[in-house]
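# Structural characterization, general
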Amino acid sequence: MNFTEPRLCTISVTTGMLENGDGHYRKSYRDLDGLYADRAAFESILADRADDIAYEVTSYTPGGKTSDMILGVTRMAPGKVGREYFLTRGHIHANGDRPEIYQTLSGRGIMQMESPDGEVRLVEMGPQQVCYVPPFWIHRSVNIGDEDLVMFFSYPADSGQDYSIIARSGGMRVRIMDDGKGGWVAEDNTAW
Ligand code: S6P
Ligand code: ZN
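Cut-off values and rules
Residues numbered from 1 in each chain as written. Chains lettered and ligands numbered in written order. Predicted model: local features only at pLDDT ≥ 70, side-chain atom pairs only at ≥ 80, totals over all residues. Helix = DSSP H or I, 4+ residues; strand = E, 2+ residues; numbered from the N terminus. Rg over C-alpha atoms; globule rule 2.2 N^0.38 Å. Contact = placed C-beta atoms within 7 Å. pLDDT = per-residue confidence, 0-100. Core = buried A, V, L, I, M, F, W, Y, C linked by C-beta atoms within 7 Å. Buried ≥ 20, exposed ≤ 12 C-beta atoms within 10 Å, placed from the backbone. Pairing = 2+ DSSP bridges. Axes fitted to C-alpha atoms, helices over the stretch in contact; angles between N-to-C directions. Near = placed C-beta within 6 Å. Nonpolar A, V, L, I, M, F, W, Y, C, P; charged D, E, K, R; others polar.

Another point: the overall build of the protein chain. Of the regular secondary structure elements, the protein chain holds two helices and 17 strands. Expected size for 192 residues packed as a compact globule is a radius of gyration near 16 Å; at 16 Å, the protein chain falls within 12% of this value. For the protein chain, the spread of C-alpha atoms along the three principal axes comes to 60 × 35 × 30 Å. Summarising the internal contacts of the protein chain: among those between residues at least 6 apart in sequence, 69% fall at separations of at least 24.

Time to look at the confidence of the model for the protein chain. Summing up the model confidence of the protein chain, the mean pLDDT is 97 and the portion of residues at 70 or higher is 100%. We note a pTM of 0.97 for the whole complex and an ipTM of 0.99 for its interfaces.

Of all hydrophobic cores here, the largest spans 32 residues; its most connected members are Y85, I110, M111, V133, V142, I144 and I176. The set of elements that each furnish at least two residues to this core consists of β4 (53-60), β5 (69-76), β10 (109-114), β12 (130-133), β13 (138-143) and β14 (149-156). V142 has contacts with Y85, L87, G109, I110, Q112 and I176, leaving out every residue within four places of it along the chain.

Before going further, it helps to spend a moment on the sheet that holds strand β11 (residues 120-125). Taken in spatial order, the three strands make up an open sheet running β11-β10-β13, and their pairing is antiparallel. In this open sheet, the two strands that pair with only one neighbour each are β11 and β13. Between one strand and the next, the sheet's axes are offset by a mean angle of 20 degrees, whatever the strand orientation. When β10 meets β13, the two strands line up antiparallel, connected through six bridges. Within the sheet, the bridge partner assigned to M111 lies in β13 and is S141.

The next point concerns the site of ligand 1. Lining the immediate environment of ligand 1, one finds 14 residues, of which T74, T88, R89, G90 and H91 sit closest. Secondary-structure elements contributing two or more residues to the shell around ligand 1 are β5, β13 and β14. Considered class by class, the residues forming the shell around ligand 1 number three nonpolar, eight polar and three charged.

This paragraph deals with the sheet that holds β5. With respect to topology, six strands assemble into an open sheet ordered β3-β4-β5-β14-β9-β12, the strand pairing being antiparallel. In this open sheet, the two edge strands, each paired with only one partner strand, are β3 (23-28) and β12. The average undirected angle you get between the axes of adjacent strands in this sheet is 20 degrees. Of the strand pairs in this sheet, strand β9 (residues 100-106) and β14 are connected by five bridges, and their pairing is antiparallel. Along β14, the bridge assignment pairs S106 with V150.

Looking now at the environment of D68. Within the fold, D68 resides in the loop between β4 and β5. When the C-alpha positions of D68 and L87 are compared, they lie 27 Å apart, and in sequence the two are 19 residues distant. Residues contacting D68, with those up to four places away along its chain left out, are P62, G63 and A157.

Sheet analysis places β5 next to β14, joined by eight bridges and oriented antiparallel. Residue pairing in the sheet places L71 in a bridge with S154 of β14.

Let's shift gears to the environment of E5. Here E5 is to be found in the segment before β1 (10-12). Of the residues examined, E5 has 6 C-beta atoms within 10 Å and is grouped as exposed. Taking the C-alpha atoms as reference, E5 lies 26 Å from H93; in sequence the two are 88 residues apart.

This brings us to unusual backbone geometry. Its identity as a non-glycine residue notwithstanding, N20 has a phi of 70 degrees, on the positive side. Owing to 11 C-beta atoms within 10 Å, N20 belongs among the exposed residues under this scheme. Positive phi is not limited to glycine here, since F136 has a value of about 75 degrees. Position of F136 relative to the elements: it lies in the loop between β12 and β13.

And the structure:
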């Protein structure tokens, strides 16, 4: 039998990247069009930093089977569009029964989750806290801090990502907004 070779990868928390992986992509602010509520505030970000990196993902994929585990790191810059904190696009796994684990390595974030029935769970996470994202939950990360949010993740390699579920429903059910007192508040997404 051919056994998969073990692999050692190193996470640099300062750069927010997985070293010795085999995957890397970046999302610029231009790529995030349509996600945020405040159109005018988004346009003003596009005007002067459309091609800056909003978040980037480095990963290692050992194979493509359910029994292969993808592992990687997401690094997301801090900031807001109007009052809304920076976020990842969000998705449900295309094979919906595949779970995921996320561990915050630095920064402060929220794991925003929504069941297909529209139930909302908001899990605030600081360094060395781990969130189990169960099968079927739509998930996205939100950076509610003032530094990079760096999160380790791992999930079965045949999970896949379906982004259309978000687009179809006008986004996720709530938006994570600045509460004006240095914290956050979840407000209904009126477009949902
Ligand atoms: C994939 C996993 C992460 C995200 C990454 C970016 O299942 O949840 O690797 O892809 O955090 O988020 P998004 O929503 O743009 O894929
Ligand atoms: Zn995922």
